[in-house]
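Here's the letter readout for the chains.
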Amino acid sequence: MKKKLFIKTYGCQMNVYDSGRMADVLAPLGYEPTETPDGADMIILNTCHIREKAAEKVYSELGRLRPLQKAKAADGGRMIVAVAGCVAQAEGAEIMMRAPHVDMVFGPQTYHQLPEMVTRAIRGTGGVVNTDFPAESKFDLLPEETAQPSGPSVFLSVQEGCDKFCTFCVVPYTRGAEFSRPVAQVLAEARRLTAGGAREITLLGQNVNAYHGEGPDGRDWGLGRLIRALAEIDGVERIRYTTSHPRDMLGWEGDDDLISAHGEVPQLMPFVHLPVQSGSDPILAAMNRKHTADDYRRIVDRMRAARPDLALSSDFIVGFPGERDEDFAATLRLVNDIGFAQAYSFKYSARPGTPAASMDDRQVPEAVKDDRLQTLQQLLNAQQVAFNERAVGTVQPVLFDRPGKRKGQLLGRGPWMQSVHAEAAERLMGKVVPVRILDAHANSLSGAVETVEAVLMPASVEATA
Ligand code: 5AD
Ligand code: SF4
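Rules and cut-offs
Residues numbered from 1 in each chain as written. Chains lettered and ligands numbered in written order. Predicted model: local features only at pLDDT ≥ 70, side-chain atom pairs only at ≥ 80, totals over all residues. Heavy atoms only, no water. Domains from an automatic or database assignment. Contact = heavy atoms within 4.5 Å. Buried area = accessible area lost by both parts, 1.4 Å probe. Salt bridge = Lys/Arg side-chain N within 4 Å of Asp/Glu carboxyl O. pLDDT = per-residue confidence, 0-100. Helix = DSSP H or I, 4+ residues; strand = E, 2+ residues; numbered from the N terminus. Buried < 20%, exposed > 50% of the residue type's maximum accessible area, 1.4 Å probe, protein only. Polar contact = N/O pair within 3.5 Å; in protein donor to acceptor, adjacent residues only side chain to side chain. Near = heavy atom within 4 Å. Areas by Shrake-Rupley, 256 points an atom, 1.4 Å probe, with all protein chains shown as cover. Nonpolar A, V, L, I, M, F, W, Y, C, P; charged D, E, K, R; others polar. Disulfide = S-S within 2.5 Å.

Peer 1: Any chance you could explain the domain arrangement of the protein chain here in plain terms?
Peer 2: By convention, interface size is frequently given as the accessible area that disappears when the constituent parts associate. Parsing the protein chain into structural domains produces domain 1 (3–130), domain 2 (149–269), domain 3 (271–390) and domain 4 (395–464). Between domain 3 and domain 4, the C-alpha centre-to-centre distance is 33 Å. Taken residue by residue, the interface counts 8 residues in domain 3 and 10 residues in domain 4. When domain 3 packs against domain 4, the two sides together hide about 710 Å² of surface, and 55% of this comes from carbon and sulfur. Remark: the boundary between domain 3 and domain 4 carries 0 salt bridges.

As structure tokens, then:
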């Protein structure tokens, strides 16, 4: 009997990947993904704990699921409700106490054990809580990804966890110690993904450029070397990686193999997300970031020397404990020096259990955080708009991976991660196609396909008729 599985994913791309793999683990038990929670046989909330009120949001979502679960029971069915991901890891059994209708709580390192957890939950003498960091790696035990087509642009998790312990961050506690998958395992997964139609692979890890997986030669390979091997696989047209730490842009022996890969591997896209968090050295030190603002500038210079058209995105935190006006001014200076194509900025929020949360005497008032966030976002938005406008008139290779908003349109991404809309025939889906950029908007570009298909395209004929 087929059963319906609804997974709601919060937070980072790592969670998106994990949700896909949870579906793979549950498929042999008869669970098939569904688009809505109504009437589902299992609901998994794959949660994120990185910023404020994460746990509260999960509890309110769980409250909203209660009536659906009751309706299912009234129909004689059973809806299993599970909380996965980083809130599950952080809250553990507390979730069952506050929301007794939850059947399973499990952390990011345990979902290969889902079949056993489901059996225990169904037998049903109390809920299942699993927040272990098992000795075995889930990657060794997960089934191969399903043969279901996953689209032209896919995620591949190569590294997990973090040993950096930035003082504001929960990740080292929820995701655990750094771990890299062996090279052979990653290459095998990449081959399966491309055989299934993937053209662009985004390598994922909390600290992906700290990758040091065991190579076929028995030695540790860095991310640069892994990327070079991936580029040899037939069908791999694009490679990206996220999220990186500035310290790891240079290898563990100070080598710049990853940086030089940017100049040498044509499939490696010229866009890197490289969080800096702050431009002030005292704040970076208090954050335990292990780099200064000038280290960051130097690394970016080296990356741009290898790949002159490289664009950057970043994460920023404003209002970290002790941040003074001059610290914030240093952040604005850094933003002006680097010039970002895109960025995320957040107000600092104290995460329970992290060192910065107990820097009580130095917390920045909310109003100051608001002000700084607004100033920073204005500057970053202006840089993003300028970056998008510079694309107008260029021809960019665009990988179409979704239908566009309007009929006859496809949506894809250019090399610099910009969303590009264009009128295009259905058959261009999943292909990298040259597109002339005609217009720039705040968050996307629009253009026209530059191939013979553009002329023969039935949709555009319809549109102009
Ligand atoms: N407060 C605000 N932002 C945070 N981030 C991580 N922890 C916190 C926190 N406690 C941001 C960082 C990180 C991104 C994923 O989330 O900028 O790079
Ligand atoms: Fe968190 Fe810092 Fe690790 Fe990134 S590098 S996951 S911000 S501790």
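Peer 1: Explain the confidence of the model for the protein chain to me, please; I cannot follow it from the model alone.
Peer 2: Caution applies to low-pLDDT parts of the model: their predicted coordinates are not meant to be read in detail. The predicted model of the protein chain has a mean per-residue pLDDT of 91, with 95% of residues at 70 or higher. A low-confidence stretch, residues 457–465 stays under pLDDT 50, and its non-local contacts, those more than four residues away or across chains, total 10 contacts.

Peer 1: Would you explain the environment of Asp 370 in this entry?
Peer 2: As for its position among the elements, Asp 370 is in helix 14 (residues 366–390). On the basis of relative accessible area, Asp 370 is assigned to the partly exposed category, the value being 38%. Taking C-alpha positions, Asp 370 is 8.7 Å from Val 318, a pair spaced 52 residues apart along the chain. Engagement of the side chain of Asp 370 in a polar contact is seen with the side chain of Lys 347, the distance being 2.7 Å.

Peer 1: Looking at this structure, I do not really get the site of ligand 1. What am I missing?
Peer 2: As a structural note, the neighbourhood of ligand 1 is formed by Ile 50, Arg 51, Phe 168, Gln 277, Asp 315, Ile 317, Phe 346, Lys 347, Tyr 348, Ser 349 and Arg 351. Between Phe 168 and ligand 1, the recorded distance is 3.0 Å, taken from a backbone N or O atom to a nitrogen atom. Within the side chain of Asp 315, an N or O atom sits 2.6 Å from an oxygen atom of ligand 1. When the free accessible area of ligand 1 is taken as 400 Å², the share hidden by the protein chains comes to 87%. Listing elements by their share of the shell around ligand 1, those giving two or more residues are strand 15 (311–318) and strand 16 (342–347). Its residues placed into classes, the shell around ligand 1 shows 5 nonpolar, 2 polar and 4 charged.

Peer 1: I would appreciate a short explanation of the pattern of salt bridges in the present structure.
Peer 2: Side chains that differ in charge, positive against negative, can pair when their charged atoms come close. Taken as a whole, this structure holds 33 salt bridges when the rule is applied. Between Asp 18 and Arg 175 there is a salt bridge, and its shortest N-O distance comes to 2.9 Å. Residue Asp 18 is located in helix 1 (residues 13–26), and its partner Arg 175 is located in the loop between helix 7 (171–174) and strand 9 (179–180); the two are separated by 157 residues in the primary sequence. For Asp 18, a relative accessible area of 1% gives the class buried. Measuring nitrogen to oxygen at the nearest pair gives 2.6 Å for the salt bridge that ties Asp 309 to Arg 307. The exposure class assigned to Asp 309 is partly exposed, which follows from its relative accessible area of 33%. Counted as one network, the salt bridges with shared partners bring together Arg 21, Asp 24, Arg 181 and Glu 189.

Peer 1: I keep staring at the state of the cysteines and nothing clicks. Help me out?
Peer 2: Between two cysteines, a covalent bond joining their sulfur atoms is known as a disulfide. If you walk through the whole model with that rule in mind, you get 0 disulfides. The cysteine Cys 48 is free of any disulfide, with Cys 12 supplying the nearest cysteine sulfur at 6.2 Å. Look at Cys 48 and you get partly exposed, because its relative accessible area is 21%. Cys 86 forms no disulfide, and the closest cysteine sulfur to it belongs to Cys 48, at a distance of 6.5 Å. Classification of Cys 86 by relative accessible area gives buried; the value is 8%.

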